[in-house]
Amino acid sequence: MEVKTGQVKAIANLTRSEEGKYWERYNYAVGESTEPGSTFKALTIASALEHKIARPDTNYYCEHGKLRVEGHTISEAEAKKKFEWLSVTEILQHSSNVGTTKIAFDLTYPKLKETLKKFKIGDKTGIELSGESRGIFNDEENVSPLSLSNISFGQGVATTGIQMLAAYSALSNGGYYIKPTILKRDKDKIAESDKTQIIDFQTSRELKDMLVEAVEDGTGGRAKVNHFTIDAIGR
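In short, a report on the structure.

## Focus on the layout of surface pockets
Left-over empty space is what a probe sized like a water molecule reveals as it rolls over the atoms.
Part 1 of the reasoning: Of the volumes computed, that of the second largest pocket is approximately 180 Å³.
Part 2 of the reasoning: As for the second largest pocket, its lining consists of Ser38, Glu76, Ala77, Glu78, Lys81, Phe83, His94, Ser95, Gly218 and Thr219.
Part 3 of the reasoning: In terms of residue class, the lining of the second largest pocket is built from two nonpolar, five polar and three charged.

Here it is in structure tokens:
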């Protein structure tokens, strides 16, 4: 997707059935919703920055990798990780479930939900493709601490590929949610109804810097391209 126009340049799907045959007629990118997992952490952190709950250098104690919440243990995705103090930047860089949970607890669900709705989580994007799913999102006024913890790092919520693509485009284009389209679109001719600033430019810039760190020296290392440095556009 072009982040400044919302124009989707390509979508590819390939799924093999139990019989070993390939089924090519279903567009999973728009019609199938799944738990987004750790990709959701960037949205939780964006909400915290927007609501002035935390800054990139705010530190959280990450409990040596285990946090008890309502009788359940929230662990890091990699059991061997036993983080102590991490900044918000490092929480995203190392994809800490415990750190993201603590950010969400400071944020509270009503504030997080307010931001997620701006990112169109739980709503169709309106892309010109049939069978689009809304995903699954808890629209209640509040949720339990355990549910809040799970949602903060992308569990207990389901999104489509196109929803997350549009959300990340907003993180990287200066904070504008732009309705995705498969039609050719000039960035200077986007209808006002198709473009909305949902987060501050500063929040976008800070998130981009954090995501670059996640690729350069964190859990996003597989996105590195040899001989190239990933940069954040529109700094």
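After presenting the structure, the write-up continues.
## Details of the packing of helix α2 (residues 41-50) against helix α4 (residues 97-107)
Part 1 of the reasoning: Two elements in contact, α2 and α4, have axes whose closest approach is 10 Å; the angle formed by their N-to-C orientations is 35 degrees. Between α2 and α4 lies a crossing of left-handed hand. Of the residues in α4, those in contact with Lys41, Thr44, Ile45, Ser47 and Ala48 of α2 are Asn97, Thr100, Ile103, Ala104 and Leu107.
Part 2 of the reasoning: Residue classes in the contact of α2 with α4 are distributed as five nonpolar, four polar and one charged.

## Focus: the pattern of salt bridges
Part 1 of the reasoning: Within this structure, the stated rule accounts for six salt bridges.
Part 2 of the reasoning: Glu63 serves as the salt-bridge partner of Lys102, at 2.6 Å between the closest nitrogen and oxygen. A residue pair is termed long-range when its members are at least 10 positions apart, and Lys102 in helix α4 and Glu63 in the loop between β3 (59-61) and β4 (66-69) qualify at 39 residues.
Part 3 of the reasoning: Looking at Lys102, the relative accessible area reads 18%, which means it is buried.
Part 4 of the reasoning: The salt bridge involving Asp194 is made with Arg185; its shortest N-O contact spans 3.6 Å.

## Overview of the environment of Thr181
Part 1 of the reasoning: Mapping Thr181 onto the fold places it in the loop between β7 (176-178) and β8 (195-197).
Part 2 of the reasoning: Here Thr181 falls in the buried class, since its relative accessible area comes to 2%.
Part 3 of the reasoning: Taking the C-alpha atoms as reference points, Thr181 and Lys9, 172 residues apart in sequence, are found 9.2 Å from one another.
Part 4 of the reasoning: Aside from chain neighbours lying at most four places away, what touches Thr181 is Gly6, Gln7, Val8, Ile127 and Glu128.
Part 5 of the reasoning: Side-chain polar atoms of Thr181 contact the side chain of Glu128, separated by 2.7 Å.

## Quick notes on unusual backbone geometry
Part 1 of the reasoning: With a phi angle near 80 degrees, Thr108 is a residue other than glycine that sits in the positive phi range.
Part 2 of the reasoning: Looking at the element boundaries, Thr108 is found in the loop between α4 and α5 (109-118).
Part 3 of the reasoning: Positive phi outside glycine occurs at His227, with the angle close to 75 degrees.
Part 4 of the reasoning: Tracing the backbone through its elements, the reader meets His227 in the segment after α8 (201-217).

## Some points on the nonpolar core
Part 1 of the reasoning: Grouped together as the largest cluster of nonpolar side chains are 44 residues, with contacts concentrated most on Leu43 and Phe119.
Part 2 of the reasoning: The biggest single contributor to this core is α2, with six residues.
Part 3 of the reasoning: Those residues in contact with Phe119, other than ones at most four positions away along the chain, are Leu43, Ala167, Ala170, Leu171, Tyr177, Ile198 and Ile199.

## Points about the packing of aromatic side chains
Part 1 of the reasoning: On inspection of all chains with the given rule, the structure shows one aromatic pair.
Part 2 of the reasoning: Ring geometry for Tyr61 and Trp85: centres 5.3 Å apart, planes at 55 degrees, overall tilted. Taken together, the residues Tyr61 in strand β3 and Trp85 in strand β6 (residues 85-87) connect sequence positions 24 residues apart.
Part 3 of the reasoning: For Tyr61, a relative accessible area of 25% corresponds to the partly exposed category.

## A closer look at the environment of Glu35
Part 1 of the reasoning: Looking at the secondary structure, you find Glu35 in the loop between α1 (28-31) and α2.
Part 2 of the reasoning: Separated by 130 residues in sequence, Glu35 and Leu165 place their C-alpha atoms 14 Å apart.
Part 3 of the reasoning: Excluding residues that lie within four positions of it along the chain, Glu35 makes contacts with Gly154, Gln155, Gly156, Val157 and Ala158.
Part 4 of the reasoning: Side-chain polar atoms of Glu35 contact the backbone nitrogen of Gly156, separated by 3.0 Å.

Rules used in this analysis
- Residues numbered from 1 in each chain as written.
- Predicted model: local features only at pLDDT ≥ 70, side-chain atom pairs only at ≥ 80, totals over all residues.
- Heavy atoms only, no water.
- 1 Å grid on protein atoms, 1.4 Å probe; cavity = no way out; pocket = protein on both sides within 12 Å on 5 of 7 lines; lining within 4 Å.
- Points joined across faces, edges and corners; volume = space filled by probe spheres on them.
- Nonpolar A, V, L, I, M, F, W, Y, C, P; charged D, E, K, R; others polar.
- Axes fitted to C-alpha atoms, helices over the stretch in contact; angles between N-to-C directions.
- Helix = DSSP H or I, 4+ residues; strand = E, 2+ residues; numbered from the N terminus.
- Left-handed = near helix turned anticlockwise from the far one by under 90°.
- Contact = heavy atoms within 4.5 Å.
- Salt bridge = Lys/Arg side-chain N within 4 Å of Asp/Glu carboxyl O.
- Buried < 20%, exposed > 50% of the residue type's maximum accessible area, 1.4 Å probe, protein only.
- Polar contact = N/O pair within 3.5 Å; in protein donor to acceptor, adjacent residues only side chain to side chain.
- Core = buried A, V, L, I, M, F, W, Y, C linked by side-chain atoms within 4.5 Å.
- Phe/Tyr/Trp six-rings, centres within 6.5 Å; stacked < 30°, edge-to-face > 60°.

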